[in-house]
Amino acid sequence: VGMRQKGKWWKVIDDHTCFISDKRIEELFAQIRSWTQEANLSFFDRKAHTGLLRYAVIRATRTGETMINIVTSQANEEEDLVRTALTKLNETIKPSTLIWSQNSTISDVSYGDILETISGPGVIEETIRGSRFRISPNAFFQTNSHGAELLLDTVDEFCGDLGDKTLLDLYCGSGFFSVALGSQARKTIGVEFIEEALEDARVNAKLNEVDVEYHHAKTEEFDWSKFNADVVILDPPRSGMHDKALEDVLRILPETIIYVSCNPKNFAREMVQLQNAYQVESMRAIDMFPHTPHVELVTKLTKI
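Draft legend 1. Just the overall build of the protein, in detail. Across its full length, the protein carries seven helices and 15 strands. Principal-axis analysis of the C-alpha atoms gives the protein an extent of 65 × 40 × 35 Å. Classification of the 304 residues of the protein by burial places 48% in the buried group. Taking the intrachain contacts of the protein between residues at least 6 apart in sequence as the baseline, contacts between residues at least 24 apart amount to 61%. Considering the protein, the positive charge centre built from 33 side chains and the negative charge centre built from 46 side chains are found 4 Å apart.

Printed below as a string of structure tokens:
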């Protein structure tokens, strides 16, 4: 139970400290590791695709809430054994919420398609710059809450005065930008394909009493030209924008783009085309992932 071994996807380094995670996460990791030694549950073999225990996903918020999501293979006849072990885990470490996720496929991913809440509300809540965000087990949220505040500050600064403008948040996820900045704009729209994240975004908008119009769609398949957005926030996945999404940007040509990239190499590749219509007005790198080569790059692009 520990970190994945570099260069060997099937191996794990036992009891390895992660020096960049929240201290509360490390405390919970140590307790979960002890539990696995007593739980009498088999470990998943990534080559043979046998065994139960796959992942322990641990989240902690700055407000002190904790979520543990134990991901197993589909339990079938061992269901009662797993549930008994999880009940003991909950009694031992008392997280804010404990989730059991079953992955019914052989895919080596840290989430499941069958979810059961063992204790607590099944979600946790984080507060960034006064905005409240609900985080559900499979939804993405910024991994570094302290860095997330700097990220939000930067995007807010680059957006400028939104008072009479329409703000469009593409790849909006659980509404991190649209909820936090939505009250400043005349109109705010968010587009997201992952349904669980979009449901979180809608809940977050209600939590913060912000009026945001959300659409369930892939960015590359959605016609957002009808909104006549003045400011567009682009926060695509690490792989960057889909070719069709990039074509749409260059066809619709909004006045201002705030591009948030967790992979500057892919952003540089897309800038080869974007520079034909946009100039870089501001750029800032935020170290969301300390002691790693990764940074979050925020760029303000204005139409030439």
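Having seen the structure, we can now continue with the description.
Draft legend 2. Spotlight on the packing of aromatic side chains. Inspection of every chain in the model, using the stated rule, returns seven aromatic pairs. Between Phe133 and Phe141 the ring centres are 5.6 Å apart and the planes differ by 50°, which places this aromatic pair in the tilted class. Summarising the aromatic geometry, the rings of Phe176 and Phe177 are spaced 5.1 Å apart at their centres and angled 65° between planes, so their arrangement reads as edge-to-face. Of the two residues examined, Phe176 and Phe177, each falls in the buried class. Here the aromatic residues Phe133, Phe141, Phe176 and Phe177 are joined through ring pairs into a cluster of three or more. Over the aromatic face of Phe44 sits the side chain of Arg54, whose NZ or CZ is 3.9 Å from the ring centroid. Between Lys218 and the ring centre of Phe193, over which it is positioned, the NZ or CZ distance is 5.0 Å.

Draft legend 3. Representation of the sheet that holds strand 13 (residues 256-261) in the model. One open sheet holds the seven strands; their spatial order is 11-10-9-12-13-15-14, and the pairing between them is mixed. On the outer flanks of this sheet lie strand 11 (213-216) and strand 14 (278-286), each paired with one strand and no other. Across this sheet, the average inter-strand angle for adjacent strands is 15°, counted without regard to direction. Here strand 14 pairs with strand 15 (residues 296-303) via eight bridges, running antiparallel. Note on strand 15: the bridge partner recorded for Ala285 is Leu297. Along the sheet, helix 3 (residues 145-159) contacts strand 9 (166-170), strand 12 (231-234), strand 13, strand 14 and strand 15; its crossing angle with strand 14, the most-contacted strand, is approximately 160°.

Draft legend 4. Just helix 3, in detail. With 15 residues, helix 3 should reach 21 Å at 1.5 Å per residue; the first-to-last C-alpha distance of 21 Å fits that figure. All of the buried residues in helix 3 are Ser145, Gly147, Ala148, Leu151, Leu152, Thr154, Val155, Asp156, Phe158 and Cys159. The backbone nitrogen of His146 lies 3.1 Å from a side-chain oxygen of the residue at the head of helix 3, namely Asn144. Residue Gly160 follows helix 3 closely and has a positive phi angle near 75°.

Draft legend 5. Structural view of the pattern of salt bridges. Under the counting rule described, the total for this entry stands at 19 salt bridges. Between Asp108 and Arg46 there is a salt bridge, and its shortest N-O distance comes to 3.2 Å. Here Asp108 is found in the loop between strand 5 (97-103) and strand 6 (114-119), whereas its partner Arg46 is found in the loop between helix 1 (23-38) and strand 3 (53-60), with 62 residues between them in sequence. For Asp108, a relative accessible area of 32% gives the class partly exposed.

Draft legend 6. Here's a closer look at the packing of helix 1 against helix 2 (residues 79-93). Relative to each other, helix 1 and helix 2 sit at 140°, their axes nearing to 11 Å. The orientation of helix 1 relative to helix 2 falls into the category oblique. Relative to helix 2, the crossing made by helix 1 is right-handed. Contact residues: Arg24, Leu28, Gln31, Ile32, Trp35 and Glu38 in helix 1; Ala85, Leu86, Lys88, Leu89 and Ile93 in helix 2. Looking at the contact of helix 1 with helix 2 residue by residue, the classes come out as seven nonpolar, one polar and three charged.

Draft legend 7. Local environment of the pairing of strand 12. Residues Val231 and Ile233 line one face of strand 12 and the alternating positions Val232 and Leu234 line the opposite face, and both faces are buried. One ladder, built from four bridges, connects strand 9 with strand 12; its direction is parallel. Counted as the bridge partner of Leu170 is Leu234 from strand 12. Running through helix 6 (residues 243-252), the crossover from strand 12 to the neighbouring parallel element strand 13 is right-handed.

Draft legend 8. Seen up close, the nonpolar core. Counting 36 residues, the largest nonpolar core has Leu151, Val155, Cys159 and Phe176 as the members making the most contacts within it. Elements supplying a minimum of two residues to this core: strand 7 (124-128), strand 8 (131-135), helix 3, helix 4 (176-181), helix 5 (195-207), strand 12 and strand 13. When residues in this core are grouped by element, the largest group, six residues, is from helix 3. In contact with Val155, not counting residues within four places along its chain, are Phe177, Leu181, Ile233, Ile258, Val260 and Val298.

Conventions used here
- Residues numbered from 1 in each chain as written.
- Predicted model: local features only at pLDDT ≥ 70, side-chain atom pairs only at ≥ 80, totals over all residues.
- Heavy atoms only, no water.
- Helix = DSSP H or I, 4+ residues; strand = E, 2+ residues; numbered from the N terminus.
- Buried < 20%, exposed > 50% of the residue type's maximum accessible area, 1.4 Å probe, protein only.
- Contact = heavy atoms within 4.5 Å.
- Lys, Arg positive; Asp, Glu negative; His and termini not counted.
- Charge placed at Lys NZ, Arg CZ, Asp CG, Glu CD.
- Phe/Tyr/Trp six-rings, centres within 6.5 Å; stacked < 30°, edge-to-face > 60°.
- Lys NZ or Arg CZ within 6 Å of the ring centre and 35° of its normal.
- Pairing = 2+ DSSP bridges.
- Axes fitted to C-alpha atoms, helices over the stretch in contact; angles between N-to-C directions.
- Expected span 1.5 Å × (residues − 1).
- Polar contact = N/O pair within 3.5 Å; in protein donor to acceptor, adjacent residues only side chain to side chain.
- Salt bridge = Lys/Arg side-chain N within 4 Å of Asp/Glu carboxyl O.
- Parallel < 35°, antiparallel > 145°, perpendicular 65-115°, else oblique.
- Left-handed = near helix turned anticlockwise from the far one by under 90°.
- Nonpolar A, V, L, I, M, F, W, Y, C, P; charged D, E, K, R; others polar.
- Right-handed = clockwise from strand over helix to strand, strands pointing away.
- Core = buried A, V, L, I, M, F, W, Y, C linked by side-chain atoms within 4.5 Å.

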